[in-house]
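Coordinate inspection notes
This is what each chain is made of:
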Amino acid sequence: MEQTPQQADIEDLLTVRDWLRYATSRFTDAGLVFGHGTETALDEAAFLILTALHLPIDQLEPWLEARLTRAERRRLSEIVTARIETRKPAPYLVGAAWIRGHRFTVDERVIVPRSYIGELLDDALSAVVPDPDGVERVLDLCTGSGCLAILAALTFPEAVVDAADISPGALEVAAKNVSDYGLGDRVTLHRSDLFSGLQGATYDLIISNPPYVTSAAVAAFPPEYAAEPELAHLGGADGLDLVRQILRDAPRHLVPGGMLIVEVGMARDRLETEYPDLPFLWLDTEQSDGEVFALSADALPAR
């Protein structure tokens, strides 16, 4: 009986190195789009293979010559095929994404975590937070999977954290992640349309990675990005609808000396033109330039 392509994969590809080469070639031939934690076909292949085999995702070299069981090869064949045929982001296929070495559960109810704010939390936002021990209350607005709220709780161990999102499905995913990290006593989830469900609450630090993609860009999304919740991307005609609301309402939720940190993508020029009197401080990361701003409570107009 003639073998199917998938059966041939299982018979002919024996090691992790074999599968890495094979998956990279197939992803390249298929013209897949990346950007959900990886930027190249090779990195995508490595992520899927290591995650599917329950191996450390930052340690490829020690496993390259490892021979795989038939069941493992069948699993890899299925996942490589699924990535090509469904065009879903790789983290959805394995149910996991990483930010700065921290694992988070994800599925189609949430955007795949990839905020630059995660990197900025690595050094406790030292450029704008001079006293991390003085941070007692944090808000993560548009929390999605809860990843930034969890990273904030780990970064500021004396703080309690509110995490707000309008999507019930996203909050279910966030609840799983909060539970996995054992932070249920410090991270509280709120269903809220931006600040609407947080009346009277004030914070030392507000962080937010809100929807900021323009309507035209969302309409032109490749399948990988279209697989994510549109609600988590769509920021209106110019991408700034929610950012304007955050700037408008944040002052009443920041304590004196508090800080607002917002990721806005490529909207720097538009924001600085529209708000010429606001002293935006742009926080760069290893992979971004002028995509996250900081504003102190004192710099925001009082409401």
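Structure: above.
Criteria and thresholds
- Residues numbered from 1 in each chain as written.
- Predicted model: local features only at pLDDT ≥ 70, side-chain atom pairs only at ≥ 80, totals over all residues.
- Heavy atoms only, no water.
- Axes fitted to C-alpha atoms, helices over the stretch in contact; angles between N-to-C directions.
- Helix = DSSP H or I, 4+ residues; strand = E, 2+ residues; numbered from the N terminus.
- Parallel < 35°, antiparallel > 145°, perpendicular 65-115°, else oblique.
- Left-handed = near helix turned anticlockwise from the far one by under 90°.
- Contact = heavy atoms within 4.5 Å.
- Nonpolar A, V, L, I, M, F, W, Y, C, P; charged D, E, K, R; others polar.
- Disulfide = S-S within 2.5 Å.
- Pairing = 2+ DSSP bridges.
- Buried < 20%, exposed > 50% of the residue type's maximum accessible area, 1.4 Å probe, protein only.
- Core = buried A, V, L, I, M, F, W, Y, C linked by side-chain atoms within 4.5 Å.

**Quick look at the packing of helix 2 (residues 16–30) against helix 4 (residues 70–86)**
Orientation of helix 2 relative to helix 4, taken along the N-to-C sense of each, is 15 degrees, at an axis distance of 10 Å. The pairing of helix 2 with helix 4 is recorded here as roughly parallel in orientation. Where helix 2 crosses over helix 4, the two elements pack in a sense that is right-handed. For the pair formed by helix 2 and helix 4, the contact residues are Trp19, Tyr22, Ala23, Arg26, Phe27 and Ala30 on the first element and Arg73, Leu76, Ser77, Val80, Thr81, Arg83 and Ile84 on the second. The class makeup of the residues in the contact of helix 2 with helix 4 is eight nonpolar, two polar and three charged.

**Things to note about the state of the cysteines**
Two cysteines joined by a covalent bond between their sulfur atoms form a disulfide. The full count for this structure, using the stated rule, is zero disulfides. Cysteine Cys142 remains unbridged, with the sulfur of Cys147 as its closest cysteine sulfur at 12 Å.

**What to know about the sheet that holds strand 7 (residues 254–263)**
Overall, mixed pairing links the seven strands, which are arranged 5-4-3-6-7-9-8 in an open sheet. Only two strands of the sheet have a single neighbouring strand rather than two, namely strand 5 (187–191) and strand 8 (281–282). Summarising the sheet, strand 3 (residues 137–141) and strand 6 (residues 203–208) pair through four bridges and their orientation is parallel. In the sheet register, Asp140 faces strand 6, and the bridge partner there is Ile207. Of the strands in this sheet, strand 4 (160–165) and strand 5 touch helix 8 (residues 168–180), which is tilted by about 170 degrees from strand 5.

**Points about the side chain of Arg83**
Examined against the element boundaries, Arg83 turns out to sit in helix 4. For Arg83, the residues in contact, after removing those within four places along its chain, are Phe27, Leu32, Val33, Phe34, Glu44, Leu48, Lys88, Ala90, Leu93 and Glu224.

**Details of the environment of Ser77**
One can find Ser77 in helix 4. Classification of Ser77 as buried rests on a relative accessible area of 2%. Taking the C-alpha atoms as reference points, Ser77 and Ala175, separated by 98 residues in sequence, lie 32 Å from one another.

**Overview of the pairing of strand 9 (residues 292–296)**
For strand 9, the buried fraction is high: four of the five residues fall into the buried class. Where strand 7 meets strand 9, five bridges bridge the pair, whose relative direction is antiparallel. The partner of Met259 across the bridge, within strand 9, is Ser296. The sheet contact formed by strand 8 and strand 9 spans two bridges and is antiparallel. Each bridged residue has a counterpart across the sheet, and for Leu281 the counterpart in strand 9 is Ala294.

**Things to note about the nonpolar core**
Formed by 33 residues in total, the largest nonpolar core has its most connected members in Leu125, Phe156, Leu205, Ile207 and Ile261. With seven residues, helix 7 (residues 147–155) is the single largest residue contributor to this core. With residues up to four places along the chain from it excluded, the contact list for Ile261 reads Ile117, Leu125, Val128, Leu205, Ile206, Ile207, Ser208, Leu283, Val292, Phe293 and Ala294. Grouped together as the second largest cluster of nonpolar side chains are 29 residues, Val262, Trp282, Phe293 and Leu300 included.

**A look at the packing of helix 2 against helix 3 (residues 41–52)**
Running from N to C, helix 2 and helix 3 point in directions that differ by 130 degrees, and their axes come no closer than 8 Å. Relative to helix 3, the element helix 2 lies oblique. Helix-helix and strand crossings are classified by hand; for helix 2 and helix 3 the assignment is right-handed. Touching Val16, Trp19, Leu20, Ala23, Thr24, Phe27 and Thr28 of helix 2 are Ala41, Leu42, Glu44, Ala45, Ala46, Leu48 and Ile49, all from helix 3. For the contact of helix 2 with helix 3, the per-class residue count stands at eleven nonpolar, two polar and one charged.

Without other data, these values stay purely geometric and don't point to any function.
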